[in-house]
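Report on the structure
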Amino acid sequence: MATIKFITVKGNGDLAREPFYVGIPQHERTISAREAYELCAEHTGYKATAVRAVFKALAAAVRDNQALGNITYLDGVASIRNYVRGAFESLSGPWNKGVNLLVVNAVEMDPFKSLLAGIVPVNNTEGAKPAINTVFDETTLEYDLITGTDLFSIAGSDLAPDAEKADEYVALVAKDGTETRAAIEFSDLQNVKARLEAALPEGEYTLKVYTRSGLGEEYGVHVATRKVAVA
């Protein structure tokens with residue numbers, strides 16, 4: 001089993017007399033919806049398409065319930081409630097669409113809430129330091145040479161760019177500074193697989209991985225780089 005890591009950062013509270021610190025877990029990778037359906041299918045014996053249909057139906061039921069002002073209970077997982085964000089000018093409002101927002105929030109419940117209660121994570125407060133050790137073309141079996149739109153594998157440490165985030169990605173940068181993004185097909189802390197959607201002109205490029213290393217929004221984006229050739 002992989003060891004869960006976390007870092008500590010100084011808290012934002014202005015009223016505390018003494019500085020305090022909060023922990024931010026480091027996630028190994030982001031599981032796609034498709035992978036989640038397949039994992040559920042393995043555990044339940046149902047087909048992934050059936051699992052997907054159930055999740056879609058559940059999402060629709062939650063949406064309808066919350067629109068009616070209800071609390072939705074997912075037994076042993078979470079209670080889903082409506083919350084209001086934004087301050088008001090007075091006791092009577094008014095509701096300002098530019099300031100106030102009705103949001104849906106899930107409050108976790110046991111046993112889901114306590115799934116990891118027995119695990120003691122490792123403090124990695126020295127910080128994530130993304131680095132690229134090798135770049136490997138999986139078609140030509142060449143290192144540091146990417147051919148056309150071949151799938152290439154980036155091995156290193158503290159990688160795990162989240163493809164759902166606009167500022168976390170893989171790119172090739174030409175000598176003139178032109179940056180071309182590659183499509184991420186797999187991503188975890190040790191390995192990223194990506195490919196270009198269209199072949200680039202031959203030459204030397206800088207491969208860049210922009211990532212928060214699985215530490216989420218609270219952590220800034222860091223960049224790992226390596227010189228590669230494109231053929």
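Read on for a plain summary of the structure. (Residues numbered from 1 in each chain as written. Predicted model: local features only at pLDDT ≥ 70, side-chain atom pairs only at ≥ 80, totals over all residues. Heavy atoms only, no water.)

**Some thoughts on the sheet that holds strand E2 (residues 21-26)**
Here we have three strands laid out as an open sheet, ordered E2-E1-E6, and mixed in their pairing. In this open sheet, the two strands that pair with only one neighbour each are E2 and strand E6 (122-123). Inspection of the sheet shows strand E1 (residues 5-10) paired to E6 by two bridges, in the parallel sense. Bridge assignment links Lys5 to a residue of E6, and that residue is Val122. (Pairing = 2+ DSSP bridges. Helix = DSSP H or I, 4+ residues; strand = E, 2+ residues; numbered from the N terminus.)

**A short note on the side chain of Asp137**
Within the secondary structure layout, Asp137 lies in strand E7 (residues 131-137). Buried and unpaired, Asp137 has no salt bridge, with Arg195 as the nearest side chain of opposite charge at 8.3 Å. Only 2.8 Å separates the side chain of Asp137 from the backbone nitrogen of Thr139, close enough to count as a polar contact. A polar contact of 3.0 Å, which involves the side chain of Asp137, links it to the backbone nitrogen of Thr140. Setting aside residues up to four positions removed in sequence, Asp137 forms contacts with Glu142, Leu145, Ile146, Thr147, Asp150, Leu151 and Phe152. (Buried < 20%, exposed > 50% of the residue type's maximum accessible area, 1.4 Å probe, protein only. Lys, Arg positive; Asp, Glu negative; His and termini not counted. Salt bridge = Lys/Arg side-chain N within 4 Å of Asp/Glu carboxyl O. Polar contact = N/O pair within 3.5 Å; in protein donor to acceptor, adjacent residues only side chain to side chain. Contact = heavy atoms within 4.5 Å.)

**Let's talk about the nonpolar core**
Core analysis: the largest hydrophobic core is formed by 20 residues, its most contacted members being Ile132, Phe152, Ile154, Val170, Leu172 and Leu207. Contributing elements (two or more residues each) for this core: E7, strand E9 (152-157), strand E10 (169-173), strand E12 (191-195), strand E13 (203-211) and strand E14 (222-230). Those residues in contact with Ile132 that sit more than four places away from it in its chain are Ile154, Ala155, Gly156, Leu159, Leu207, Val209, Ala224, Thr225 and Arg226. Membership of the second largest hydrophobic core comes to five residues, among which are Ile7, Ile24, Ala128 and Tyr219. (Core = buried A, V, L, I, M, F, W, Y, C linked by side-chain atoms within 4.5 Å.)

**Topic: the pattern of salt bridges**
Pairing between side chains of opposite charge can happen when the charged atoms of each approach one another. Counted under the stated rule, the structure contains ten salt bridges. Notably, a salt bridge pairs Arg29 with Glu35, separated by 2.9 Å at the nearest N-O pair. By relative accessible area, which is 19% here, Glu35 ends up buried. One salt bridge in this structure joins Arg212 and Glu217, with 3.7 Å as the shortest N-O distance. Classification of Arg212 by relative accessible area gives buried; the value is 8%. Beyond isolated ion pairs, a larger network of salt bridges with shared partners links Lys165, Asp167, Glu168, Arg212 and Glu217.

**Section: the sheet that holds strand E11 (residues 179-187)**
The strand order across the open sheet built from eight strands is E7-E9-E12-E11-E10-E13-E14-E8, with neighbouring strands paired in mixed fashion. Taken across any chain shown, the strands that pair with only one partner, and hence form the sheet edges, are E7 and strand E8 (145-146). Bridge count between E13 and E14: nine bridges; the pairing is antiparallel. Opposite Thr206, over in E14, you have Lys227 as the bridge partner.

**Points about a nonpolar patch on the surface**
A cluster of nonpolar residues, Ile4, Val77, Phe112, Leu115, Leu116 and Ile119, forms a patch on the protein surface that exposes about 520 Å² of accessible area. Within the secondary structure, Leu115 sits in the loop between strand E5 (101-108) and E6. A residue is classified by how much of its surface remains accessible, and Leu115, at 62% relative accessible area, is exposed. (Patch = residues over 30% accessible without salt bridge, like charges linked within 9 Å, V, L, I, M, F, W, Y side chains within 5 Å. Areas by Shrake-Rupley, 256 points an atom, 1.4 Å probe, with all protein chains shown as cover.)

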